[in-house]
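Chain residues, written in single-letter form:
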Amino acid sequence: MASVPVKERVKISQNWRLGRCREGILLKWRCSQMPWMQLEGDSLYISQANFILAYQFRPDGASLNRRPLGVFAGHDEDVCHFVLANSHIISAGGDGKIGIHKIHSTFTVKYSAHVQEVNCVDCKGGIIVSGSRDRTAKVWPLASGRLGQCLHTIQTEDRVWSIAISPLLSSFVTGTACCGHFSPLRIWDLNSGQLMTHLGSDFPPGAGVLDVMYESPSTLLSCGYDTYVRYWDLRASARKCVMEWEEPHDSTLYCLQTDGNHLLATGSSYYGVVRLWDRRQRACLHAFPLTSTPLSSPVYCLRFTTRHLYAALSYNLRVLDFQNP
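Source: prediction; values computed, not measured.

The rules we used
- Along each chain, numbering runs from 1 in the same order as the chain's sequence is written.
- Owing to the predicted nature of the model, reporting of local features is limited to residues with pLDDT of at least 70; listing and counting of side-chain atom pairs is limited to 80 or more, with chain, interface and lining totals taken over all residues.
- Based on all heavy atoms of the structure, the side-chain values leave hydrogens and waters out of the count.
- UniProt positions are given in the numbering used here, feature names are shortened, and annotations may be inferred rather than shown by experiment.
- We count a stretch as a helix when DSSP gives it H or I for four or more residues in a row; a strand needs E for two or more, and each element gets its number in order from the N terminus.
- Multiplying 1.5 Å by the residue count of a helix minus one yields the expected span of that helix.
- Think of it in three bands: residues with accessible area under 20% of the maximum for their type are buried, residues over 50% are exposed, and the middle band is partly exposed, with areas taken using a 1.4 Å probe on protein chains only.
- An arc is given here, and it is the one of the directions from the helix axis to the C-beta atoms.
- What makes two residues a contact is simply this: any of their non-hydrogen atoms within 4.5 Å.
- Only protein atoms enter the 1 Å grid, on which a cavity is a set of points fitting a 1.4 Å probe that cannot get out and a pocket is an open set with protein on both sides within 12 Å along at least 5 of 7 lines, lining residues being those with an atom within 4 Å of a point.
- Grid points are joined across faces, edges and corners, and a volume is the space filled by probe spheres set on the points.
- Amino acid classes used here: Ala, Val, Leu, Ile, Met, Phe, Trp, Tyr, Cys and Pro are nonpolar; Asp, Glu, Lys and Arg are charged; the rest, including Gly, are polar.

A. Spatial organisation of the UniProt feature "repeat: WD" (unreviewed entry) in the protein chain. As annotated by UniProt and renumbered to match this structure, "repeat: WD" (unreviewed entry) occupies residues 111-146. Overall, residues 111-146 shows 0% helix and 58% strand. The separation of its end C-alpha atoms is 11 Å.

B. Quick peek at helix α1 (residues 6-18). Along its 13 residues, α1 runs 18 Å from first to last C-alpha, staying within 8% of the 18 Å computed at 1.5 Å per residue. The set of residues buried in α1 consists of Ile-12, Asn-15 and Trp-16. In a view along the axis of α1, the buried residues occupy a sector of 100°, so they form one face of it. In α1, the exposed residues that point more than 90 degrees away from the buried face are Val-6 and Lys-7. Contact partners of the buried residues in α1: β23 (263-268), β24 (273-278), β25 (284-289), β26 (301-304) and β27 (308-312). Immediately downstream of α1, the backbone of Gly-19 shows phi near 75°, a positive value.

C. Expanded view of the layout of surface pockets. The computed volume of the largest pocket comes to approximately 1200 Å³. Lining the largest pocket are 42 residues, and of these Trp-36, His-81, Leu-210, Asp-211 and Arg-303 sit closest to its centre. Elements supplying a minimum of two residues to the lining of the largest pocket: β2 (37-40), β3 (43-48), β6 (79-85), β10 (118-124), β14 (160-165), β18 (209-216), β22 (253-258) and β26. Considering every element that reaches the lining of the largest pocket, the biggest residue donor is β10, with six residues. Its residues assigned to classes, the lining of the largest pocket shows 26 nonpolar, 10 polar and six charged. In this structure, the second largest pocket encloses a volume near 440 Å³. Ser-13, Trp-16, Arg-17, Asp-259 and Leu-263 are, among the 15 residues lining the second largest pocket, the residues nearest its centre. Elements with a contribution of two residues or more to the lining of the second largest pocket: α1 and β24.

So this is what it looks like as structure tokens:
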């Protein structure tokens, strides 16, 4: 917000608070997809089938240049997840492989990482962590001479749906399917691979965690099949979250994003519903259904900037423009 004039800043802030926005479609595709995306500067990266495409935003931020800046290939099956780190794209594929792509060159390496699809991946400080349907999480180096050399294999005894490295680079958290007799949220030592702690104690069976993110070294947010967003503060307690928000229509929550302050956005499993929450309140502020009944779709991924929110659905990429409603 610092680069936005004060008058414009106030107007945009009011639009977010009141839910005033203009909806648009940035991209469409013919076949149903499960896309993932990332934003970096004036570029948007989005997965489609076994490719990752990079697009440049036009100055208004509500439209894209139609011709991709780059196309990153290498997987034999769909890309499940990817992150941007150190001028690299690190991708997780349904073929059980991890792909390493240099953004500004043609360098691409892929290696077999798991015996089933790699559902999630994260990378910080030159370390990659991955989680798979094969009930393992693994730690890998990003260093070019050591790609594909597994540092630790962790038997999670449950399918891993989400993963995130702590900002301190000392630990990472896994979100699993909650099909065993243990918490679906567990924190592991990044250097030894040993279990450090688990979060929560009263998850019902099947309450798998589909998205998890660190806000700080001691605070995390999680969401998933049990329809709740939970806020955890490790300084207070690892056994009970300090705040939770329930999806009012009992829908699975596929993804979440936060501005690090009071705004929280979630993506639901039905009708492409994006919800905005004020973390100081229990009730949802605004809901935006982005699909109709015949084309009901989950929100697989969402991202937002000061002026716009982007939501990736089965058949298209939507934008909510809060600058010019």
